[in-house]
Amino acid sequence: MANKSENSEAEKTEGKDPPESIPDSVWHDELRGPSANDKDTRQSDQSVSQSDHSTFLSGAVSEAWSDSTPKGAALTALRKESARWEETLSAGPADGGKVKADKNERLMLDGFYLLDQTSIAQQKPLDRGNEIKVLMDRAKFSEIAELRDLPKFAEIGKEIIRQINPSKMAVTKEELAQALQNPSFKGEKAQVLAAMYHTFDQIRNISNHEWFFQSRRIAASDLDMLPSLPKKQQDFVDQIVEASLWSDKNFSKYAGKDGLFHAEELKEAMKTPDLLESDRQHLKTISQLLAKYSDGVNPSQLNQVFNRASADTAETRLFNRMYDAVKRTALARNESKGESRLYPSFPQGINPDAIKQGLIGNCYFIAALSAVAKADPGTIRDSIQDNKNGTYTVTFKGAPDQPVTVSAPTEAEMGLYNSGRNNGVWATVMEKAYGEMRNRKSWIPAYTPQDALDGGGYTGEALKLVTGNSVFSLAATGNEEALDKTFDLAFRGGRRFLPVTAVTLAPESSAMPGRTKDGFVRGHAFTVVGYDRDEKGNGSLVIQNPWAGKNGTPDGRVKVPLAKAIKNFHMFDFSL
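The sections below set out a description of the structure shown in this document. As the structure is a computational prediction, the values presented were derived from the model and not from experiment.

### Comments concerning the side chain of S540
Here is step 1 of the chain: Within the element layout of this structure, S540 appears in strand β11 (residues 539–544).
Here is step 2 of the chain: Apart from the residues within four sequence positions on either side, S540 is in contact with G530, Y531, D532, K559, V560, P561 and L562.

Quick look at the structure:
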């Protein structure tokens, strides 16, 4: 029987963020180019609808700067293709909402281009009708949803600031957190509010505040800076491209005795008399990029430095996060049709499909919640009381003496946190209630109840809280026969299913691939929603990722033979 004292750190999931939000820790110092094994977990067969926006950005230059393609020609081709795809999106749905495209044609999905025609882009074949439909659905969103109109975003943001704090025309993160729970912010205001909260630190860091009290706020003038940032980003990328082209021709000339580029040696070379100003500028750019690489770099490694520098800037991180928030908020509103029912029907409405992890790392809780929804929806129904006044009181079975009352989730909250989609808001209410419970016990409460769940936890503890029942953990060892019997009993041997979760082992170091060999995210919690045997008696698990990605892949719902599951997962928790 597992309890808190018996849980090791290895069993604690990292509360893996969904692909829409890749943490800054992704960008390691190791000179490794973006690949399918990096922690940002890009996958060539991943659905575009669930692919993280920064996946396209971080992998783009690596694709364009392949050894077999001249850099200038590749980037020119990417810009042209990006412009063509932009025209397709701007034209809106055609031919019944479908795009006519040969499956071998490579279309561009360049989210950053939607900001201001930057050269960062990645080619991706669109050979599945669902992906094409998703892309065309994006064209139906408002300008704010696509971040095509940054001046409009800034104006709406200033309206929000004026509404929250008209006297100072600036807002703190605490004030934005309070506004997130205000249901009067709807539509584009909800999208901008969610984005401002989610990018508060990034906006603050690029501002020019001189005083400490100013640095704790976002001012209206900070938002006025946003429309100019894509041009700043473009200028930087162009500078990197030019430095890369220059290094191809001049590497041997400025390399050290060991055949490598060293920052200090390049700085010395800048002092050469009669040096062309353009050469001096390229030397300066490269020496600055190599400041933390004390051992020097070879040509291949230098290209990787260029790639990473182009994809990982303050502007890139800001717009990635902003894009995530506005996109998710628009999706949540569209999928729920603006309704906020607890659940549309019972028991059909309380099911794992109501789980769609938000932009925080709380997979350990919502994967457990998903498991209970699959096995025993009545437990969830009985835990929530609708107070008929815009609030809900949640009494978790595992904490009957600690009822928690929360307000109904707003559009902005549905964008940042679990999205109820068309299955009601029950999961978001439970998530908010658990966060409020955690906040009550915290010395330093989080800005929002949900943020208190960010950062990882134990699926076993979450199962105990929701069900009130004991939990036992079973390691994913090589004892396939014992696991087969346990899963068969959990899903077919009794009068009802048991809630079951699965956890992958977290990476032991930054150099360790962010996914298992079969594509399951490491340090992440999943729900086991089914188990069956084939005609030969071989068992298979049905695994559901709380990211709610493309079914048939490790980011959505996928069937996994037990023998393969043993190689991918670290621990299974069963609620009795």
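### A look at the sheet that holds strand β13 (residues 571–575)
Here is step 1 of the chain: What the six strands build is an open sheet, ordered β8-β13-β9-β10-β11-β12; its pairing is antiparallel. Looking along the sheet, the strands with just one partner apiece sit at the ends: β8 (471–475) and β12 (557–561). Mean inter-strand twist for the sheet, computed between neighbouring axes without regard to direction, equals 30°.
Here is step 2 of the chain: Direction of pairing for β8 relative to β13: antiparallel, over a ladder of five bridges. Within β13, the residue paired with L474 across the bridge is F572.
Here is step 3 of the chain: Helix α17 (residues 363–375) rests against β9 (500–503) and β10 (525–533) of the sheet, and its axis sits at about 35° to β10.
Here is step 4 of the chain: Packing against the sheet, helix α21 (residues 459–467) makes contact with β8, β9, β10 and β13, and its axis sits at approximately 10° to β13.

### Concerning the environment of F497
Here is step 1 of the chain: Counting through the fold element by element, F497 comes out in the loop between α22 (480–493) and β9.
Here is step 2 of the chain: Expressed as a C-alpha distance, the spacing of F497 and F487, which sit ten residues apart in the sequence, is 9.8 Å.
Here is step 3 of the chain: With residues near it in sequence (within four places) discarded, F497 still touches K374, A375, A490 and F491.

### Quick word on the pairing of β12
Taken residue by residue, a regular strand's side chains alternate between the two faces of the sheet.
Here is step 1 of the chain: Burial along β12 is one-sided: the face carrying V558 and V560 is buried and the face carrying R557, K559 and P561 is not.
Here is step 2 of the chain: Across five bridges, the pairing between β11 and β12 is antiparallel. The residue bridging I543 from the neighbouring strand is V558, located in β12.

### A few points about the packing of helix α12 (residues 229–254) against helix α14 (residues 277–289)
Here is step 1 of the chain: For the pair α12 and α14, the least separation of the axes is 9 Å and the interaxial angle reads 95°. One way to sum up the angle between α12 and α14 is to call them roughly perpendicular. Residues Q239, I240, E242, A243, W246, S247 and Y254 of α12 pack against D279, Q281, H282, L283, T285, I286 and L289 of α14.
Here is step 2 of the chain: Looking at side-chain class alone, the contact of α12 with α14 contains seven nonpolar, five polar and two charged residues.

### Digging into helix α6 (residues 150–164)
Here is step 1 of the chain: Given a rise of 1.5 Å per residue, 15 residues ought to cover 21 Å, and the 21 Å separating the end C-alpha atoms of α6 matches this to within 8%.
Here is step 2 of the chain: Considered for burial, the residues of α6 that qualify are L150, F153, A154, I156, G157, K158, I160 and I161.

Parameters at a glance
- Residues numbered from 1 in each chain as written.
- Predicted model: local features only at pLDDT ≥ 70, side-chain atom pairs only at ≥ 80, totals over all residues.
- Heavy atoms only, no water.
- Helix = DSSP H or I, 4+ residues; strand = E, 2+ residues; numbered from the N terminus.
- Contact = heavy atoms within 4.5 Å.
- Pairing = 2+ DSSP bridges.
- Axes fitted to C-alpha atoms, helices over the stretch in contact; angles between N-to-C directions.
- Buried < 20%, exposed > 50% of the residue type's maximum accessible area, 1.4 Å probe, protein only.
- Parallel < 35°, antiparallel > 145°, perpendicular 65-115°, else oblique.
- Nonpolar A, V, L, I, M, F, W, Y, C, P; charged D, E, K, R; others polar.
- Expected span 1.5 Å × (residues − 1).

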